[in-house]
Each structure stands twice: as C-alpha cells, then as structure tokens.
Amino acid sequence: MPWLLLAAVLLPLAVWWMRSVRMRQRRVRLARYAESSALRRLVMITDPDERGRTVRLILVAFLAGLALSGPRWGLSHGPVSARGIDMAIAIDASLSMMAPDERPSRLERVKQEVRRLRAMSQADRVALIAFAGRSYILTPLTSDDGAIELFLDNLDPSVVGQAGSSIARAIRQGTELLLASDGSADRALVLMTDGEAFEPAEDVQAAATEAGVKGVSLVTVGFGTTQGSTIPVQDGSVTREKRDDEGKVVITRYSSELLEAAAKAAGGTFIPAEASDKATRVRGALRSLRTAKRKVDSREDHVPRFLWLLLPALALLAYDTWLLTRRRTANDTANAIPSSAMPPAALLLMFVALPVALVSCKQAPDPAALFAAGNVAAAIAGFRAQIANGDTTVRTRYNLGTALIGADSLSAAAELLEMVRRESDGETRMRARFNAGYASLAMGRTPQNPEAEAAFAAARAAYRAFLTERPIDADAKWNYELALRKQPPPQGGGGGGGGGDSKNDKQDEQPQNQGGLDQKQAEALLNSAAREERDVQGRKQRQGRTPPGGKDW
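Right, let's walk through the structure included here.

Strands pair in a sheet through their backbones, by hydrogen bonds, and they do so in one of two ways: parallel or antiparallel. The strand order β5-β4-β3-β6-β7-β12 describes an open sheet built from six strands, whose pairing is mixed. Each edge of the open sheet is held by one strand with a lone partner, namely β5 (135-142) and β12 (269-271). The average undirected angle you get between the axes of adjacent strands in this sheet is 15 degrees. Two elements, strand β3 (residues 86-92) and strand β6 (residues 187-193), share six bridges in a ladder whose sense is parallel. Residue Asp-86 lies in a different strand from β6, and its bridge partner there is Arg-187. Helix α6 (residues 167-179) contacts β3, β4 (125-131), β5, β6 and β7 (216-222) of the sheet and is inclined by roughly 155 degrees relative to β6.

Structure representation (structure tokens):
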C-alpha cells in the first residue's frame, strides 16, 4: 500500500533517534563515576564500531519499511478458481445496427457492453450468436477471451447470410445451444438489439415462453433512440443513406415493445435503451442464478516482491548480531575467536546443506530434462520408473504418453493420453486431448494401416472437442483439417513432456512441429478459408431471400 511507504522513512529515523538516546544515556551514567579525562583512560567511552552498527541498523529499518509497504512489479500468470454461469449473448448484426444514433453506432455500443459484461464475469462460459434474418453461432460456450474478442472485432452485418431481423430465431438457437451444454450452472440468454424486427410478435413471445419453460433466463437489452436515424451504407468508396424499394430514405427507430413482451413472456428482465451502464444491469439481473465452480485458465497480476527486501534486511541484522556477539566474546575471554574463524551459523548451514547437496547429486536424471534434450528412450524409462515407484499422478502419466509419441508408440500413447483426459481437468485435460488426437492422426496416416479410418475418426472427435473450448487454436485447426482431408504431413504435434520442471513448461504448452507444411503455409491456408467463407456469406446476403415486406435492414 502506498501510504505504508512512510515506514521506509519513519523506521530509519526512529532507529537513529533510539541509538542517539542510548549513547547520551551511556555518557550520563559513566559521568557519575569519574571525569571524562579519567574515563578515557579506564574504559572505552565509545564503541569503535558504533557508527557502522548505526548505519547497518538504519539500513535494516529502511529495507524492512520498504518490504512492509508490499512492493509489487512484474506480471505473473496463474490459475484462479471462481464461480460462473453459462451465458449466450445474441447480438443483432442487421443493417439497422449501423445507425449512428448511438455513437459511434448501435453495433459498436453493443460490443462495448459485451466486453464490459465479460470483464465482470471471467468465470462464466460465454457463447456469441449473431443474428439478422437468420441466426449464426460465432463461438460455442467458452472461457477463451481471445476467441470472444476476435469474433467481436470482426462482427458486422456481412457476417450473417440473410438480411432482416429475426429475434425469434435468435432466441430459439440460443436456447438450443445452452440446453446442449453440460454442467450444473444455470443458463442465461442475453439478447442485445434495437428491437426493430419484421416478424409476428406472437413468434417472438412463443420462443421466449419456450426458453423460460426450459429454464433459460432471458434478458433483453435495447439499443438506439426512438427518434431514429438513417442507416449509412458503404457503396465502394462512397457512403450513402440506405433507401427502400421505393427510393425513400430508411429511418430506423428503437422499439421497446417487442423486447419488453419477450422478457415478460420468459419471466426474464428487460433493460431499456435509455438505461445507463447496461452491463452492470445485466449482471445484476443474473446475480441470483446458480453458479458452478470453475478454474479460470489464467490471469495477470503484479508479483509481490517484499521478500527481495525482507531477506537482505534479515541477513544484515543477523550479521550485525554475530559481530556484536563476537566482540563480547572477545572481551570476556583471552581466547578470542580469530577473525578468520567460521561463525556457528555458517557451520550449521554447512552441515545441513552439504548432505542435501550430496543426496541431490545421487538422484536420477530428470526425465523431463532428458526429453527436452532429445533422449526420448531414457525419458520414457524415467517416467515409467516414477510410475513404478508410486507416482501415478496425471501429470506424470501425461508426460509418459507424450514421450511415447516421440518414440512412435502411437497406440500406447493414444490409450494412455485418453485415460489422462478422462481423469483430469483444466490445462492438463486440454493438452492430453490435443496429444491424443495427434497420436490418432499419426496412426491414421501410417501407410497400409488397416485401422486408419478408425484412427482418423478418433482424431476428428478429439480436435472437435478441443476446438469447442479453444476455437482459435491454429495447430488444432490445422490438425483437424488434416484429419478431414487425410493429406500428408501434419503441422501440429505433441505438446511435449517435461511436466516435472518449470523450465520445461514451454515445451508442455507449445506443440512440437513434426514436419510438413510450415507455420506460414498453414496460416495462409486458414486465412484463405476464412476469406472464402466471408465471401460466401456476403453472396448469401446479396442473393438471399427478401425479408417480409421487402425490409432488409
């Protein structure tokens, strides 16, 4: 805390003051026995090391004061546990959401509120749905902020393949998506739109009623103004106003009636467009829902560094204490300890540390280090020895399974990694699933393998499940493509062993390349597929069916 920095100033001043008072008191006591000239011949009035000891104690107080303030610097990543719900957010991506009556546009305001809502609920699993004339799932339920941010950044009316606005379809698809998920947490559907829909109100209310009956909490959030606005449309390098079939300029207006009726039908909550701080209101509406405990993958925080100051202070204090004890011992006995003698604390440290060092030297080599050095056979033997000695943790078995991939023992690796996946959770489960999928993919690509089809099917299942939780992982996408296309050779690879030592963490986290196309070629293929999908969606929007009444905004 910043105000505790005062301790770094006050404590040294207090030490200096107490040392000064002590010296004055000592001189006063000695003055009672003789004059100062006689005292100098009889006793040592001042300690030769008095100034040095004062400096040491002031420095100790200064370091302790800094440590007391709790200094922090640098960032760390660590898993945290929290409780959350399952939430689908349906975003209106029709042309009317480009209206600038909410600056910079209705759609951009929706994105801002989604980001704020996500920041308030890190433990929630969130799915994104974009809708206009049809609804389109952008992400499944996930805690991956990177995936959510990626799709939010790229969301615009061209993403959805059919013009218009169909709130009922979005509610139905959001309900189906939530009900298909497993878990003990309650489910919520947040609908963010301007409420301008060209479909019967009965359809919307029926979809909302069905969602409420099935246990999905519906929150409808309005955007826009009742005065309305024109819709800017980009035509090449020119921006013009949207016009209807008769050539009239379209004015889009926020409509609350349909949103309020939908929320009422589902027994949910309606948040009007004029309400401020919509994300906080949404969070408040969902506060009563039952949550489930989850492990959030990681967070960034400043690392406490008080030990970096406290340990030197304690060491300096111990050194000062040893000097004081040494001088007193020298004064009390004629056999003073030579200046080169080793202090008792150092002797104790030597007798404790030396056996530990000798024992550590006799320990077997770390299998993780052997794997990192490329000695796969020795690493496998080491991991198996650890398991034989009773270390049957999922981490050790995961490392053994990954090392088996390096030795081309693919069948044994896939079986062991699949067992680890079923028994673990969090990051270990994800890595085990990725590597099990890779082992199956490699088996399927083995020439003249009679079980190749079954291996490819297992690889596809593993990577589909992996991409459900991490939809933007490039290696998983590429391996999944290979499992679908059955073309040589794979770019992704095993996640690596080395779980036993922190210096090998990167090997655990980053898949190993196993040859074939390089990363740039893989990324080019994925980007090409993304562009092709975007073009297809754009053509669908241009050639799609005309919404009811010819209103395509």
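With six of seven residues buried, β7 lies mostly within the body of the structure. Relative to β7, β6 is paired through seven bridges, and the arrangement is parallel. Bridging from a neighbouring strand, Thr-193 pairs with Gly-222 of β7. Tracing the backbone out of β6, into helix α7 (residues 201-213) and back to the parallel element β7 gives a crossover that is right-handed. Direction of pairing for β7 relative to β12: parallel, over a ladder of three bridges. If you follow Val-221 over to β12, its bridge partner there is Ile-271.

The subject of this paragraph is the side chain of Ser-121. Among the structural elements, Ser-121 can be located in the loop between α4 (106-120) and β4. In contact with Ser-121, other than residues within four places in its own chain, are Met-87 and Arg-283.

Counting through the fold element by element, Thr-220 comes out in strand β7. One polar contact links the side chain of Thr-220 to the main-chain carbonyl oxygen of Leu-259, over a distance of 3.1 Å. In contact with Thr-220, other than residues within four places in its own chain, are Leu-191, Leu-259, Ala-262, Ala-263, Thr-269, Phe-270 and Ile-271.

Turning next to the nonpolar core. In this structure, Ile-89, Ile-91, Leu-128, Val-190 and Leu-286 are the most contacted members of the largest nonpolar core, which totals 32 residues. Ranked by the residues each element gives to this core, the list is headed by α4, at four residues. Excluding residues within four positions of it along the chain, Val-190 makes contact with Met-87, Ala-88, Ile-89, Ala-90, Val-219, Val-221, Val-282 and Leu-286. Within the second largest apolar cluster, 30 residues are counted, among which are Phe-371, Leu-400, Leu-404 and Leu-410.

Across all of its chains, the model carries 23 salt bridges by this definition. Note that Lys-248 is salt-bridged to Glu-246, the shortest N-O span being 3.7 Å. Exposure class is identical for Lys-248 and Glu-246. Each is exposed. Between Glu-469 and Arg-429 there is a salt bridge, with its nearest N and O atoms 3.1 Å apart.

Quick look at helix α16 (residues 426-444) now. Its 19 residues place the ends of α16 27 Å apart at the C-alpha level, agreeing with the 27 Å of an ideal helix rising 1.5 Å per residue. Burial within α16 is extensive, with 16 of its 19 residues counted as buried.

Of the consecutive residues Arg-103 and Pro-104, the connecting peptide bond is found in the cis state with omega at -5 degrees. Tracing the backbone shows Pro-104 in the loop between β3 and α4. Here Asp-277, not a glycine, exhibits a phi torsion of approximately 55 degrees, which is positive. Tracing the chain through its elements places Asp-277 in the loop between β12 and α9 (278-285). Judged by relative accessible area, Asp-277 falls into the partly exposed class, the value being 35%.

Cut-off values and rules
- Residues numbered from 1 in each chain as written.
- Predicted model: local features only at pLDDT ≥ 70, side-chain atom pairs only at ≥ 80, totals over all residues.
- Heavy atoms only, no water.
- Pairing = 2+ DSSP bridges.
- Helix = DSSP H or I, 4+ residues; strand = E, 2+ residues; numbered from the N terminus.
- Axes fitted to C-alpha atoms, helices over the stretch in contact; angles between N-to-C directions.
- Contact = heavy atoms within 4.5 Å.
- Buried < 20%, exposed > 50% of the residue type's maximum accessible area, 1.4 Å probe, protein only.
- Right-handed = clockwise from strand over helix to strand, strands pointing away.
- Polar contact = N/O pair within 3.5 Å; in protein donor to acceptor, adjacent residues only side chain to side chain.
- Core = buried A, V, L, I, M, F, W, Y, C linked by side-chain atoms within 4.5 Å.
- Salt bridge = Lys/Arg side-chain N within 4 Å of Asp/Glu carboxyl O.
- Expected span 1.5 Å × (residues − 1).

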